[in-house]
Amino acid sequence: MNAPARTPVAIVGGGPVGLLLALFLDRHGVPSVVFDLAESTSDQPRGSTHGARSMEHYRRLGLADEVRRLGLPWDYSTDIAFYTHYNGFRLARNRRPAVRDLMREVASGHRTAQVPEPMHRANQMYVEKLLYRRARTRRRIDLRFGWRVTGLAADADGVDVRAENAQGQARVWRAGHVAGCDGARGVVRPHLGSRYAGAGGVEQEILGGRTVAAHLRIPTLYRDFLVDGGAWSHWAVNTDLVLNLIALNGKDEFFLLTSSADPDSAPDGELVSLVRRAAGAPVPVTVLGRRPWTSGMALVADDFGTDRVFLAGDAAHLFTPNGGFGMNTGLDDAANLAWKLAAAAQGWAGPGLLASYHRERRPIAIRNTGAARELNLGLANVARPRCVEQDTDEGRAERRRLGRLLADYGDRTLDTLGIQLGARYDGSPIVDGTDDPPADSFDSYSPSSVPGGRAPHLWLDDTRVTGSSLFDHFGVGFTLLRLGPKAPPTVGLRTEAARRNIPLKVLDLVDPLARDLYERDLVLIRPDQHVAWRGNHVDRPDRLLATVTGAK
């Protein structure tokens, strides 16, 4: 075997979390190698929800506009619709703007509007391909798809990563650090000895237990069925079955989720029959792919890593898909971990910086898995009596009752801005602040400059042209905001940052709206856009920078 190749970071797993991590590391100027057993990205649908925070991450990489061009057409409805059958009675419809209308709302909103990049519906398989294509253009990213990692050996100075390709060729890479983005059955979590803890699947009629996920082509569903037109999510709910068809391309491809068939024994023909029963007619259906999954899981690894090896994405936490929190939590893991790995590779990380990853991200994983499970359990007691399909007074009353329940569930899966933007790192050893944070909320987000939370957003002008978002002006490293006309000089902080080789950009904002929003003259923003510190003057630049880089 040849001498080991060297890389600052080895990423095991080339899904969206691993690829985003590689792209963020590249943005920081740090090379990485990405290993994935598959020869290419997945062509099977998974999550279709990219939350507002994930879209902000894509924006930092210059990818948000490209992501929005994926998935559903811009004029396509993003509603959630509930029916007894697709050619039967409508039970409820949660209306939401199409992408075109949503972006118009952004363009016309107030300068302090907190969602510069609204949630977008595009299936993971489409976005994963985009991330892969972008990664292929970056010279600092070495993509090793078709390579299986067979072992890790860590010591005080690094990690030996052993891998082999489909032809049996074996190699060793010497990595400074390893990020395990290789899912629940990968090799990195067992290497750490980390175990999942939390709640397993739920047993309930609707999306309970072992469940089917399938990729379908249904060419006539829009033309011949759906009594009030297409939506993003189409539920059929009746006495005999419950299933959800999620639109993939707005034309003929759908993602089926149902627990009305056994994923381990039901043949493709049974899935076809199930969809036809949901439609109420012999609609043509082609099964393009399928896989089993388990509803209701809220599992979080007990150790996210503290030294040389770390976990992110499904390797660190397993979700039920309700609300679309799983992949988005993994992408936020990558944003948190990337700058800390970069700091270690570039020599300005203190000994406690990488250890803060576990301290910061594990509580968020517990919070978010719990929120998804709560949504899943909201479907447990949805009674579906046979009269719901009868054109009688009793049937109409029952449809109104069931419709209210389903509409409430739909609203709760859509109104999740607090989960999307509200992650906070209060109590983190690398956050310098003692003020009380805003209360956590499932459905709403309150901007706050209290250290630990996402930096409040501001449009810097009223034109909404490219570059007018405050976030676009943050540096790749830390950003020090000098706010208002009386902001003090910061020569000492800049000098100390330069002495420690800490990347720091100083951004002057005399706009009184910015000062009002952030409530202090000086605010230090971390590379992941979370507030590290705020104040009206800096007494000890050395102590502050030691704290926020884990050197204290």
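Residues numbered from 1 in each chain as written. Predicted model: local features only at pLDDT ≥ 70, side-chain atom pairs only at ≥ 80, totals over all residues. Heavy atoms only, no water.

**Student:** How would you sum up the overall build of the chain? Please name residues and give values.
**Tutor:** Of the regular secondary structure elements, the chain holds 15 helices and 23 strands. By principal-axis analysis of the C-alpha atoms, the chain measures approximately 75 × 65 × 40 Å. Burial status across the chain gives 58% buried among its 552 residues. Excluding contacts between residues fewer than 6 apart, the proportion of contacts in the chain whose partners are at least 24 apart in sequence is 73%. Of the roughly 21600 Å² that the chain leaves accessible, carbon and sulfur atoms contribute 47%. When the 70 basic and 64 acidic side-chain charges of the chain are each reduced to a single mean position, those positions are 3 Å apart. (Helix = DSSP H or I, 4+ residues; strand = E, 2+ residues; numbered from the N terminus. Buried < 20%, exposed > 50% of the residue type's maximum accessible area, 1.4 Å probe, protein only. Contact = heavy atoms within 4.5 Å. Areas by Shrake-Rupley, 256 points an atom, 1.4 Å probe, with all protein chains shown as cover. Lys, Arg positive; Asp, Glu negative; His and termini not counted. Charge placed at Lys NZ, Arg CZ, Asp CG, Glu CD.)

**Student:** Requested: an account of the environment of alanine 279, with residues and values cited.
**Tutor:** Position of alanine 279 relative to the elements: it lies in helix 8 (residues 268-279). In this structure the C-alpha to C-alpha distance between alanine 279 and threonine 84, which are 195 residues apart in sequence, comes to 9.1 Å.

**Student:** Can you explain the sheet that holds strand 19 (residues 317-319)? Please cite residues and give values.
**Tutor:** One open sheet accounts for three strands, arranged 11-17-19; its pairing is antiparallel. The strands lining the two open edges of the sheet, one partner per strand, are strand 11 (196-199) and strand 19. Here the average twist between neighbouring strands, direction ignored, is 15°. Relative to strand 17 (residues 298-301), strand 11 is paired through four bridges, and the arrangement is antiparallel. Each bridged residue has a counterpart across the sheet, and for tyrosine 196 the counterpart in strand 17 is alanine 301. (Pairing = 2+ DSSP bridges. Axes fitted to C-alpha atoms, helices over the stretch in contact; angles between N-to-C directions.)

**Student:** So what about the pairing of strand 13 (residues 233-237)? Which residues, and what values?
**Tutor:** The buried fraction of strand 13 amounts to five of the five residues, a majority that puts the element mostly inside the structure. Neither face of strand 13 is exposed, since Ser233, Trp235 and Val237 on one face and His234 and Ala236 on the opposite face are all buried. With four bridges joining them, strand 4 (residues 80-83) and strand 13 adopt parallel strand pairing. Considered in strand 13, the bridge of phenylalanine 82 is made with tryptophan 235. Direction of pairing for strand 13 relative to strand 14 (residues 242-247): antiparallel, over a ladder of five bridges. Bridge pairing in strand 14 links serine 233 to isoleucine 246. Following strand 13, the chain reverses through four residues before pairing antiparallel with strand 14.

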